[in-house]
Amino acid sequence: MLTILWDNDGVLVDTEGRYFRATQEVLRTVGVPLTAGQFKEISLRRGESTFVLAVERGITDDEIARLRAERDRRYAELLRSQSWAIDGAEQVLRSLHGQARMGVVTSARRVHFEAAHAGTGLLRYLDFVLTREDYQYTKPHPEPYLTAMARHDLRPEDCIVVEDSERGLAAATAAGLPCLIVLSDWTRDGDFDGATKVLERIQEVPGVAAKWADGQRGSVPAIHEAENGGDFLNST
């Protein structure tokens, strides 16, 4: 069975802007500016902590630990303020439910993952979830995806990843997995040359994933792409 491994932030939930805002607010309290461009380069491209900017200003490790804890608190507060589900995410997951195995592989901590999904209703469609606590190294390291495959007995040839960032793409490809990129406002200018395909909207994922799975099987499926949801993986 086809297995789709979803990234979370920026793919299923529109949370990256909230993470940026929380980090920016906290760094501002110690006189460290954080621009959107810096956030994209350091966090979304390189997969590093933007608190490196505080280190460069000579702020102590203890103070950075305090700032990080305050950022995490503020981020959780923003996540709980409303539902941040990406438009079309539930429609897509519902259409794939029962036809493909689906799991989330995220670098987010579980407390933030749960806060982000408190009102989305998306978790009912997922077979498993891996968060930051499930591995030592986070994306762009391949360990998150290698852990998912080992823990759930997945074969690489059955899996396709859905990501939105360069660090996510790097993690997937380093794990030997094909990767679809769904562009977001935060990652639209990224370098995704290694992606299996770059998509504009999450609604494109089911049809593309079905065609990819068909290529793996070497058969000809009948793929029905309904405008507002439906049976996307009706294979012969």
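Read on for a plain summary of the structure. (Residues numbered from 1 in each chain as written. Predicted model: local features only at pLDDT ≥ 70, side-chain atom pairs only at ≥ 80, totals over all residues. Heavy atoms only, no water.)

### Notes on the overall build of the chain
In plain terms, the rule: For helices the rule is a DSSP run of H or I covering at least 4 residues; for strands it is a run of E covering at least 2, with both sets numbered from the N terminus onward. Radius of gyration: C-alpha atoms only; globule rule: 2.2 Å multiplied by the number of residues to the exponent 0.38. Only protein chains enter the area calculation, which uses a 1.4 Å probe; residues under 20% of their type maximum are buried, those over 50% are exposed, and those in between are partly exposed. When checking whether two residues touch, look at their non-hydrogen atoms; a contact exists if any pair is within 4.5 Å. Each accessible area value is a Shrake-Rupley result obtained with a 1.4 Å probe; residue values ignore everything except the protein chains displayed when judging cover. When charges are counted, Lys and Arg contribute as positive and Asp and Glu as negative, whereas His and the chain ends are disregarded. The atom standing in for a charge is NZ when the residue is Lys, CZ when it is Arg, CG when it is Asp and CD when it is Glu.
In terms of regular secondary structure, the chain is built from 9 helices and 6 strands. Computed over the C-alpha atoms, the radius of gyration of the chain is 18 Å, within 12% of the 18 Å expected from 2.2 N^0.38 for a compact globule of 236 residues. With the C-alpha coordinates aligned to their principal axes, the bounding extent of the chain is approximately 60 × 35 × 30 Å. Here the chain holds 236 residues, and the buried ones make up 53% of them. Of the contacts made within the chain by residues no fewer than 6 positions apart, 63% connect residues no fewer than 24 positions apart. Taken as a whole, the chain presents about 10800 Å² of accessible surface, with 46% of it coming from carbon and sulfur. Averaging the coordinates of the 28 positive side-chain charges in the chain and doing the same for the 37 negative ones gives two points 3 Å apart.

### Things to note about empty space enclosed by the protein
Note the following rule: As defined here, a cavity is a set of points on a 1 Å grid over the protein atoms alone where a 1.4 Å probe fits but cannot get out. A pocket is an open set with protein on both sides within 12 Å along at least five of seven lines, and residues line them when an atom is within 4 Å of a point. Grid points are joined across faces, edges and corners, and a volume is the space filled by probe spheres set on the points.
A full pass over the atoms with the stated rule returns 1 cavity of 30 Å³ or more. A volume near 40 Å³ is recorded for the largest cavity. Taken together, K40, L44, R45, E166, W186, T187, D189 and G190 form the lining of the largest cavity. Examining the composition of the lining of the largest cavity, we find that 3 residues originate from one element, helix α2 (residues 36–45), more than from any other.

### Description of the pairing of strand β4 (residues 159–163)
On a regular strand, each side chain points to the face opposite its neighbour's, so the side chains alternate between the two faces of the sheet. Using the following cut-off: Note on pairing: DSSP must find at least two bridges between two strands before they are called paired.
Among the 5 residues of β4, 5 are classified as buried, and the element is accordingly described as predominantly covered. Note that strand β1 (residues 3–6) and β4 share 4 bridges and pair parallel. Bridge assignment links W6 to a residue of β4, and that residue is V162. Pairing geometry for β4 and strand β5 (residues 179–182), over 3 bridges, is parallel. Looking across to β5, one finds that E163 is bridged to I181.

### Observations regarding the state of the cysteines
Basically, it comes down to this: When two cysteine sulfur atoms are found within 2.5 Å, that pair is recorded as a disulfide.
Under the definition given, this model contains 0 disulfides. Free of any disulfide, C179 has its nearest cysteine sulfur in C159, 12 Å distant.

### Topic: the packing of helix α1 (residues 16–28) against helix α4 (residues 61–79)
We count it as follows: Here, axes are lines fitted to C-alpha atoms. For helices the fit covers the stretch in contact, and angles between N-to-C directions go from 0 to 180 degrees. Each angle is binned into one of four classes, with values under 35 degrees roughly parallel, values over 145 roughly antiparallel, values of 65 to 115 roughly perpendicular, and all other values oblique. A clockwise turn of the near helix away from the far one marks a right-handed crossing, whereas an anticlockwise turn of less than a right angle marks a left-handed crossing. The classification used treats Ala, Val, Leu, Ile, Met, Phe, Trp, Tyr, Cys and Pro as nonpolar, Asp, Glu, Lys and Arg as charged, and all other residues, Gly among them, as polar.
Between α1 and α4, the shortest axis-to-axis distance is 9 Å and the interhelical angle comes to 140 degrees. One way to sum up the angle between α1 and α4 is to call them oblique. Relative to α4, the crossing made by α1 is right-handed. Across the interface between the two elements, R18, Y19, R21, A22, T23, E25 and V26 from α1 touch L67, E70, R71, R74, Y75 and L78 from α4. Partitioning the contact of α1 with α4 into residue classes produces 6 nonpolar, 1 polar and 6 charged.

### Some remarks on the side chain of T131
Relative to the helices and strands, T131 resides in the loop between β3 (128–130) and α7 (143–151). In this view, T131 contacts T106, A108, R109, R110 and F113; residues no more than four positions away in its chain are not counted.

### Here's the deal with the packing of aromatic side chains
Note the cut-off: Aromatic pairs are defined between Phe, Tyr and Trp rings, using the six-membered ring for Trp, whenever the two ring centres lie within 6.5 Å; interplanar angles under 30 degrees are classed as stacked, those over 60 as edge-to-face, and all others as tilted. Two conditions define a charge located above a ring, namely a distance within 6 Å from the ring centre to NZ of Lys or CZ of Arg, and an angle within 35 degrees of the ring normal.
Evaluated as defined, the whole model comprises 5 aromatic pairs. Relative to F39, the ring of Y19 has its centre 6.2 Å away and its plane inclined at 50 degrees; by these criteria the two rings are tilted. Here Y19, found in helix α1, pairs with F39, found in helix α2; they are 20 residues apart in sequence, far enough to count as distant. The buried category is assigned to F39, whose relative accessible area is 1%. These aromatic residues form a ring-pair network of at least three members: Y19, F20, F39, Y75 and W186. The lysine or arginine in question, R18, covers the ring of W84, its NZ or CZ lying 3.9 Å from the ring centre.

### Re unusual backbone geometry
Here K139 and P140 are connected by a cis peptide whose omega angle stands at 20 degrees. With respect to the element layout, P140 can be found in the loop between β3 and α7.

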